Amino acid sequence: MAAITLFGVSALYSASTGVPYFLDSEIPAAVFLGLHLLITDPSTSPRTPLGKTFFGLLYGLGVFGLYTLLGAMGEPTFYDKLLVVPLLNLSVIAIDRAVRSIHSTALLNVWKESWLGGRANLAHMSIWIVIFASMSFLGKTDNKHQGDSLPFWEQACASDLSNACGRMLQLEATYCADNAAWACNEIGAHYREGIITASNQELSMAYFSRGCELKFQAACLNLLDTELVAREVPHELDLRLLLREGGQNLMTLSEQELVERACEHDWAFACENNGA
Amino acid sequence: MSKPQSETEAKRQSKQEDQRKGLDSEQVPDRAVGLTIMCLAIVFVAVWMALQSPQQIDSETTELPSPAQAAITGFLANVWFLPDEPLLGFVQIPAGPFTMGSNPALDRLAYENERWSSNRRQGTVQIDDFYIGLFEVTAAQFRVFVAEHPDLANEVPADIQGDMPITNITWPEALAYARWLQQKLENSSDTPEELRSYLAAGGQVSIPSESEWEKAARGGDGRIFPWGNTPSAELANYGSSTMLPVGSRPCAECVFGLQDMSGNVWEITRSPLQAYPYDPNDDAENLSEDALWVMRGGSFSDGVGNVRAAVRGGVDPSVRNNTIGFRVVISKP
């Protein structure tokens, strides 16, 4: 229920805004597996069947809300899927009590374990496996995800899609913190230009300094001339960070493979180079 | 048949429910304790997350009082430890042409990267007038800047003597110091009128371009060292084991009277390391290459070949090294 809710509200958001809700992935495979244990632990989950359903629903909604909340607080958003668990554990008794206070027999019996012929666990596991396999197949776990593609966000920002520019800045800041010099220069340029975000010269200089120390020549030139906005395509080392799709840095890929991968991720310069 | 069965079933369910309710209330001896423990856990996680979160680049700086630094003879403690000279240690270099690069026929120690082009050994470069620091930037001067930028506090060695050249700073940090000094000079009543006018006319405090540096080091006559064509360990600190306070090798013979242009510490410039012929309009070329900036003058640990006025070293902008420092210029880009 948790995964279905999370996937559902995320899909709803994407359908209504045209941009993905999560920057990395809906639920990374490792978290998906871990959560199965965390939120189905019998001693910390509701005992009533309907309570369990609400528990999963609240988990999905909680992750959805917490992702935005953590992002707004400047905290790492990858805690979104974990922080909800203790909060829900606290609410277990309240959920069970609320469910038992429902006097509608029809509603209480909406889910009958007898339907599963006494094999409730087997049925639950089957449903879970189908959902997990479907999400993996659809690339909603660890595969290439549109949300971590900077060319996508650049396009979305240019098209003025909902919150796209903010998400692009957030993503660039994350990559800059990971030492992708190109991202440092880009975010510095945005703060200098003041077009998609409020102009902040001090912040732009701080980002240019970081980009320059990472040997990105355009960033160094931007430090020298406060009127300039020099840009350059990502260097090889940047691509090894920018194209990792939430996994390990791509340190072993050949340059040719990197360029091909960049083209697959819609980096126009890479497609031009690849074609050449 | 069915009615008694449903009644029995309902009773059984009701009994089970009562049992469950009873069990719940028994298993929760004191809810306040549980809530307290959970709240503490959440606070702990929040604090831990705050400590673990990646450091965001923060533009805000806290204004801190300047550190109490001992007075240094020849420097003004109340004017950011700039030299006690008529122009706060800035020396005017007149506009005009100068010879750049090396002629191996005259300078046997010349390196290949000092050659102007495939068919010319040296070139002539015309530059406008500018001001350059009499000395390399000192540790005391840089500490005043760091006092207003606490984020740099850990990057600057605390044990270095105030009149020593500042070293172990990166290229962006040197530029940041220059920008900070510009603001100070523009807004201070201690700034000499000549400098104030030059700044008002578009002058910018920065680190020198390599042409500015070379002209200041060798003048217009193409000499090999700032003092002439013959090496002299009495006029520059090179081939030694230690860095010296700025101006420790007085050089009255040096063109424009600048001190330590040869040796003591390498001085970084604002010119990218590219093949000659020198043209500042080429600076924005080769953006796809990793940044490498020219440094000039050699250091105390170098031999005579590296302290010639035309020698060109390259330094990565993130490098911190105890043989690399800088001096500032005020010029019109």
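Source: prediction; values computed, not measured.

### Here we look at the overall build of chain B
- Along its length, chain B carries six helices and 12 strands.
- By residue count, 50% of the 333 residues in chain B fall in the buried class.
- A separation of at least 24 residues holds for 75% of the contacts in chain B among residues at least 6 apart in sequence.
- Counting every atom, chain B has about 16,300 Å² of accessible surface; 52% of that belongs to carbon and sulfur.

### Observations regarding the state of the cysteines
Residues and elements named next belong to chain A.
- Inspection of every chain in the model, using the stated rule, returns five disulfides over all chains.
- Note on cysteine connectivity: Cys157 is disulfide-linked to Cys165, with sulfurs 2.0 Å apart. Between Cys157 and Cys165, the S-S torsion sits near 95 degrees, and that sign places the bridge as right-handed. Here Cys157 and Cys165 have matching classes, each one buried.
- The partner cysteine of Cys176 in its disulfide is Cys184, sulfur to sulfur 2.1 Å. Here the disulfide of Cys176 and Cys184 is right-handed, its torsion about the S-S bond being about 100 degrees. Residues Cys176 and Cys184 agree in their burial class; the two are buried.
- Numbered by position along the chain, the disulfide-linked cysteines of chain A connect as 1-2, 3-4, 5-6, 7-8.

### Side note on helix H12 (residues 217-224) of chain A
- Most of H12(A) sits out of view: seven of its eight residues are buried.
- Taken together, the buried positions of H12(A) are occupied by A:Gln217, A:Ala218, A:Ala219, A:Cys220, A:Leu221, A:Asn222 and A:Leu223.
- In this structure, the buried side of H12(A) is in contact with helix H10 (181-193) and helix H11 (201-213) of chain A together with helix H4 (171-187), strand E8 (266-272) and strand E9 (293-296) of chain B.

### Regarding unusual backbone geometry
Residues and elements named next belong to chain B.
- Residue Pro277 follows Tyr276 across a cis peptide bond; omega there is 10 degrees.
- One can find Pro277 in the loop between E8 and E9.
- Backbone geometry at Leu88 places phi at a positive 55 degrees, although glycine is not the residue there.
- Note on Leu88: relative accessible area 5%, which makes it buried.
- A positive phi angle, close to 60 degrees, is found at Asn168, a residue other than glycine.

### As for the packing of H12(A) against H4(B)
- Taken N-terminus to C-terminus, the directions of H12(A) and H4(B) make an angle of 15 degrees; their axes are 10 Å apart at the nearest point. In terms of axis orientation, H12(A) runs roughly parallel to H4(B). Between H12(A) and H4(B) lies a crossing whose hand is left-handed. Contacts between H12(A) and H4(B) involve A:Cys220, A:Leu223 and A:Leu224 from the former and B:Trp171, B:Pro172, B:Leu175 and B:Arg179 from the latter.
- Its residues placed into classes, the contact of H12(A) with H4(B) shows six nonpolar, no polar and one charged.

### Remarks on empty space enclosed by the protein
Residue and element names in this part refer to chain B.
- Here the structure, examined in full by the defined rule, presents two cavities of 30 Å³ or more.
- The volume enclosed by the largest cavity comes to roughly 100 Å³.
- In terms of lining residues, the largest cavity is bounded by 14 residues, among which Leu82, Pro83, Gly133, Phe135 and Gln141 are the most central.
- Taken together, the residues of the lining of the largest cavity break down into nine nonpolar, three polar and two charged.
- If you add up the space inside the second largest cavity, you get close to 30 Å³.
- The class makeup of the residues in the lining of the second largest cavity is six nonpolar, two polar and one charged.

### Re helix H1 (residues 2-17) of chain A
Residues and elements named next belong to chain A.
- Taking 1.5 Å per residue, 16 residues should reach 22 Å; H1 reaches 22 Å between its end C-alpha atoms and fits that length.
- Along H1, the residues that are buried comprise Ala2, Ala3, Thr5, Leu6, Val9, Ser10, Tyr13 and Thr17.
- At the C-terminal side of H1, Gly18 shows a positive phi close to 85 degrees.

Rules used in this analysis
- Residues numbered from 1 in each chain as written.
- Chains lettered and ligands numbered in written order.
- Predicted model: local features only at pLDDT ≥ 70, side-chain atom pairs only at ≥ 80, totals over all residues.
- Heavy atoms only, no water.
- Helix = DSSP H or I, 4+ residues; strand = E, 2+ residues; numbered from the N terminus.
- Buried < 20%, exposed > 50% of the residue type's maximum accessible area, 1.4 Å probe, protein only.
- Contact = heavy atoms within 4.5 Å.
- Areas by Shrake-Rupley, 256 points an atom, 1.4 Å probe, with all protein chains shown as cover.
- Disulfide = S-S within 2.5 Å.
- Axes fitted to C-alpha atoms, helices over the stretch in contact; angles between N-to-C directions.
- Parallel < 35°, antiparallel > 145°, perpendicular 65-115°, else oblique.
- Left-handed = near helix turned anticlockwise from the far one by under 90°.
- Nonpolar A, V, L, I, M, F, W, Y, C, P; charged D, E, K, R; others polar.
- 1 Å grid on protein atoms, 1.4 Å probe; cavity = no way out; pocket = protein on both sides within 12 Å on 5 of 7 lines; lining within 4 Å.
- Points joined across faces, edges and corners; volume = space filled by probe spheres on them.
- Expected span 1.5 Å × (residues − 1).

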